Amino acid sequence: DAGVIQSPRHEVTEMGQEVTLRCKPISGHDYLFWYRQTMMRGLELLIYFNNNVPIDDSGMPEDRFSAKMPNASFSTLKIQPSEPRDSAVYFCASSRGQGSFAFGSGTRLTVV
Amino acid sequence: QQQVKQSPQSLIVQKGGISIINCAYENTAFDYFPWYQQFPGKGPALLIAIRPDVSEKKEGRFTISFNKSAKQFSLHIMDSQPGDSATYFCAASRGNTPLVFGKGTRLSVIA
């Protein structure tokens, strides 16, 4: 089992550009979560899916953020346009019910 | 509203000592309380977890103590080692809802 796979590991982009973060969950996991980690706010839930359907996106900070899960093995988080305050580490996690919550290694995003 | 409050923010412990990190929660419907360990450049990894029907769970050097009436739970690391130096997060959830995390404790174990 390869675990949750995120790409890219690092992304540096200019303000105003579109950024797409990618995630492959663990096979068989039916929940997928996107979290953002910053020093000030810790780990914040942005959105989560169950069986590819978005369940709660109330954590998405603005309309500039969007997430999709076209199938059980792939999800994207898109920021358009990006701003410097979006700089953070973005984590994808997956689970099969409670107790099997696994994180990817994260994407460190820097917007200059 | 912060649903899980974690303390301290940082902790320095001598090698061989006991590290203690505390968390308090507000939602009495929470029924799952895990601790995660995060090393620099890595994602958080599940360390140990407890459910409210027991007051303590031990796995090796790591112990969770749970006090349902006080709505508190804590992580104890016995015989702390330099390799335990990491950031620790407590979390809580109810059913299949997402985990709500504390803000983390940066632990440094010095020789």
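In this text, all values refer to a predicted model and were calculated from it rather than measured experimentally.

Engineer: Explain the sheet that holds strand 3 (residues 19-25) of chain B to me, using residue names and the numbers behind them.
Structural biologist: Residues and elements named next belong to chain B. Sheet architecture is open: five strands sit in the order 1-3-8-7-6, paired in antiparallel fashion. Bordering the open sheet on either side are strand 1 (4-7) and strand 6 (56-59), each of which pairs with just one other strand. Within the sheet, the average angular offset between the axes of one strand and its neighbour, ignoring direction, is 15 degrees. As judged from the four bridges shared by strand 1 and strand 3, these two strands associate in the antiparallel manner. Note that in strand 3 the partner of Q6 across the bridge is C23.

Engineer: A description of the sheet that holds strand 7 (residues 65-71) of chain A should follow, citing residues and the corresponding values.
Structural biologist: Residues and elements named next belong to chain A. Strand order in this open sheet of four strands is 1-3-8-7, and the pairing throughout is antiparallel. Each having just a single partner strand, strand 1 (5-7) and strand 7 make up the two edges of the open sheet. Between one strand axis and the next, the sheet turns through 15 degrees on average, direction left out of account. In this structure, strand 1 lies alongside strand 3 (residues 19-24), joined through three bridges in antiparallel fashion. Paired with S7 across the bridge in strand 3 is R22.

Engineer: Run through the interface of chain A and chain B, naming residues and quoting values.
Structural biologist: Listed per partner, the contact involves 19 residues of chain A and 20 residues of chain B. Around 1,600 Å² of area is buried between chain A and chain B when both sides are counted, 54% of it from carbon and sulfur atoms. Our enumeration of links across chain A and chain B arrives at zero salt bridges. Residue assignment for the side of chain A that touches chain B shows that the elements contributing at least two residues are strand 4 (31-38) and strand 5 (42-50) of chain A.

Engineer: Talk me through unusual backbone geometry; I want residue IDs and the actual numbers.
Structural biologist: Of the consecutive residues S7 of chain A and P8 of chain A, the connecting peptide bond is found in the cis state with omega at -10 degrees. Mapped onto the secondary structure, P8 of chain A falls in the loop between strand 1 and strand 2 (10-13). Q80 of chain A connects to P81 of chain A through a cis peptide bond whose omega is -5 degrees. Tracing the backbone shows P81 of chain A in the loop between strand 8 (74-79) and strand 9 (88-95). Its identity as a non-glycine residue notwithstanding, N51 of chain A has a phi of 50 degrees, on the positive side. Mapping N51 of chain A onto the fold places it in the loop between strand 5 and strand 6 (53-56). Despite not being glycine, D79 of chain B has its phi angle at roughly 45 degrees, a positive value. With respect to the helices and strands, D79 of chain B occurs in the loop between strand 8 (72-77) and strand 9 (86-92).

Engineer: Describe in detail the state of the cysteines, supporting the description with residues and values.
Structural biologist: Residue and element names in this part refer to chain A. Taken as a whole, this structure holds two disulfides over all chains when the rule is applied. A disulfide bridge connects C23 with C92, and the sulfur atoms are separated by 1.9 Å. Between C23 and C92 the sulfur-sulfur dihedral comes to about -65 degrees; the bridge is accordingly left-handed. Taken together, the positions of C23 in strand 3 and C92 in strand 9 put the pair 69 residues apart, joining distant regions of the chain. Overall, the relative accessible area of 1% leaves C23 in the buried class. Since its relative accessible area comes to 0%, C92 is described here as buried.

Cut-offs applied
Residues numbered from 1 in each chain as written. Chains lettered and ligands numbered in written order. Predicted model: local features only at pLDDT ≥ 70, side-chain atom pairs only at ≥ 80, totals over all residues. Heavy atoms only, no water. Pairing = 2+ DSSP bridges. Helix = DSSP H or I, 4+ residues; strand = E, 2+ residues; numbered from the N terminus. Axes fitted to C-alpha atoms, helices over the stretch in contact; angles between N-to-C directions. Contact = heavy atoms within 4.5 Å. Buried area = accessible area lost by both parts, 1.4 Å probe. Salt bridge = Lys/Arg side-chain N within 4 Å of Asp/Glu carboxyl O. Disulfide = S-S within 2.5 Å. Buried < 20%, exposed > 50% of the residue type's maximum accessible area, 1.4 Å probe, protein only.

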